[in-house]
Amino acid sequence: MKTILLNVRPCLVFSFRALIIGLFLFSNMTQAQSDTLTPGEQNKFQRLIKNFDVSVYMDAYSTFVLNDPKEDTSNLMEFAANSPFANEFRLNVASIWLEYNSKNVRGKLYVQFGDIPNLRATPEEQYIKYMKEAHFGFRAYKTLWVDIGYLPNPIGYESSYPINNQISTLTVGGYYETGNLLGLKMSAQLTPSLFAGIYVGNPYTLAYGKNTSIYTGLTILYKYKDIFSVNYSNMIGNERTESPKRNHLYIYNNLILIAKPVKNLLLVGEFDFGLFGNSMKPPDTTKTAGGVSGFLQATYRFTKWFATTVRGEYASYPDGVLTPIYAYDGKLRGLLTYGGTVGLEFNPVRNSYLRAEYSYLSADKDNYIFSSMLSDHRHSITFTACVRFGTN
């Protein structure tokens, strides 16, 4: 995994401070401005203000590798979509969320700083790393919406933001899934239980950064009350890598099942299956390749303050399309990992948590892919703390 760590430029610091000062001045000016308007204008102005939501989200972490060899001089965790540095206290993310929702127009701007955005940014794409989302949309017809910009991708249950997950750290399959999409999405709530959308654009992944080829895909979500839901999404395009330069026809399928069979119990299952052209595995690097990943997860909430989650994961890319080719034990193959995580969560106040997680992740025997290529497995403990506050 290529990680770029750069200092925040002075102009971006200034812009961030200007945003905070602007929001503060705006909030203080609204009352004064409202007093100079007619009653009808005041009502219109107040409705406009109510369409805005502003939130601040912060997440800090500390990760410890329990079996780290003494010879390992790097503290960077392999296949980490968040909490990537071991044996120190760090900031995953500090983010400001600005949202606007009205009857016919909507938009989101999430700006971010910390270790998570630094993971995603290549040198030529520095402008994008400070944005988690940046998009706007309009109602085209009844429930049909068109959204344009830097959009979240429907592929995958997990998010790089720990607050959106029951377990802070992501699976290896989640690490290799496409992140955001720079493009266009059309979506509609077809019935109270059925949602569908199509999208087109350039995707980003943690593993490879921006892909300059155009992708297209669809997502279909069926939800039965709050008891059960099934979500199928796919992507079709060219997974073009720069090093080595190679084109891969890419058909990626994602299936997510969510169930709440009894009160306080949440069950999640995800299965990904991809077909790719041009395998990287010799001797025939032009053949069609495949890869699978997935996880099973159960969360039980004992009280409104305490919850526990258990997750098992598996990922296999034997032909090395999304992953490097490893040579070990007299054979060549792509990445194979499996493991499990157990976590405890304490919620002291609304929209906050303290989490402790133990994870075990293993590769093929003697495939030394962890701890700077010194170990074929990893035991780790991760502590995360989060708070989010704002108008919603």
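Notes on the structure follow. Not measured: the values here are computed from a predicted model.

What follows deals with the overall build of the chain. The helix and strand inventory of the chain stands at 4 helices and 21 strands. Within the chain, contacts between residues at least 6 apart in sequence are counted, and of these 58% link residues at least 24 apart. Summing over all exposed atoms, the chain offers an accessible surface of approximately 19500 Å²; the carbon and sulfur share of this is 64%.

Together, Y222, Y224, I227, F228, I236, L249, I251, L255, L257, F271, F273 and L275 line one region of the surface with nonpolar side chains, adding up to about 1000 Å² of accessible area. Of all the secondary-structure elements, those providing two or more residues to the nonpolar patch are strand 9 (215-224), strand 10 (228-238), strand 13 (249-259) and strand 14 (265-276).

This next bit is on empty space enclosed by the protein. Under the definition given, this model contains 8 cavities of 30 Å³ or more. Considered as a void within the structure, the largest cavity measures approximately 230 Å³ in volume. T169, L170, S359, R378 and S380 are, among the 22 residues lining the largest cavity, the residues nearest its centre. Split by residue class, the lining of the largest cavity holds 8 nonpolar, 10 polar and 4 charged.

Our focus in this paragraph is the pattern of salt bridges. By the definition in use, this model includes 9 salt bridges. Notably, a salt bridge pairs E78 with R378, separated by 3.4 Å at the nearest N-O pair. With E78 in the loop between strand 1 (52-65) and strand 2 (89-101) and R378 in strand 21 (residues 377-390), this pair connects stretches of sequence that are 300 residues apart. Pair check on accessibility: E78 and R378 agree, each one buried.

So, on to the packing of aromatic side chains. This structure, assessed with the given rule, holds 18 aromatic pairs. Taking the centre distance of 5.3 Å and the plane angle of 50° together, the rings of Y250 and F276 count as tilted. Here the residue Y250 occupies a position in strand 13, and F276 occupies one in strand 14, the gap between them amounting to 26 residues. Like F276, Y250 is buried. Here the guanidinium or amino end of R355 rests over the ring plane of Y353, the centre of that ring lying 3.8 Å away.

With that out of the way, let us pick up the nonpolar core. F79, Y176, M235 and L335 are the most contacted members of the largest nonpolar core, which has 26 residues in total. Among the elements of the structure, helix 4 (172-176), strand 13, strand 17 (326-328) and strand 20 (352-363) are those that each provide at least two residues to this core. Counting residues per element, this core draws most heavily on helix 4, which supplies 3 residues. Residues within four places of F79 in sequence aside, it is in contact with V172, Y175, Y176, Y326, L335, I369 and F370. Among the nonpolar cores identified, the runner-up in size contains 8 residues, and I116, Y161, Y353 and C386 belong to it.

Criteria and thresholds
Residues numbered from 1 in each chain as written. Predicted model: local features only at pLDDT ≥ 70, side-chain atom pairs only at ≥ 80, totals over all residues. Heavy atoms only, no water. Helix = DSSP H or I, 4+ residues; strand = E, 2+ residues; numbered from the N terminus. Contact = heavy atoms within 4.5 Å. Areas by Shrake-Rupley, 256 points an atom, 1.4 Å probe, with all protein chains shown as cover. Patch = residues over 30% accessible without salt bridge, like charges linked within 9 Å, V, L, I, M, F, W, Y side chains within 5 Å. Salt bridge = Lys/Arg side-chain N within 4 Å of Asp/Glu carboxyl O. 1 Å grid on protein atoms, 1.4 Å probe; cavity = no way out; pocket = protein on both sides within 12 Å on 5 of 7 lines; lining within 4 Å. Points joined across faces, edges and corners; volume = space filled by probe spheres on them. Nonpolar A, V, L, I, M, F, W, Y, C, P; charged D, E, K, R; others polar. Buried < 20%, exposed > 50% of the residue type's maximum accessible area, 1.4 Å probe, protein only. Phe/Tyr/Trp six-rings, centres within 6.5 Å; stacked < 30°, edge-to-face > 60°. Lys NZ or Arg CZ within 6 Å of the ring centre and 35° of its normal. Core = buried A, V, L, I, M, F, W, Y, C linked by side-chain atoms within 4.5 Å.

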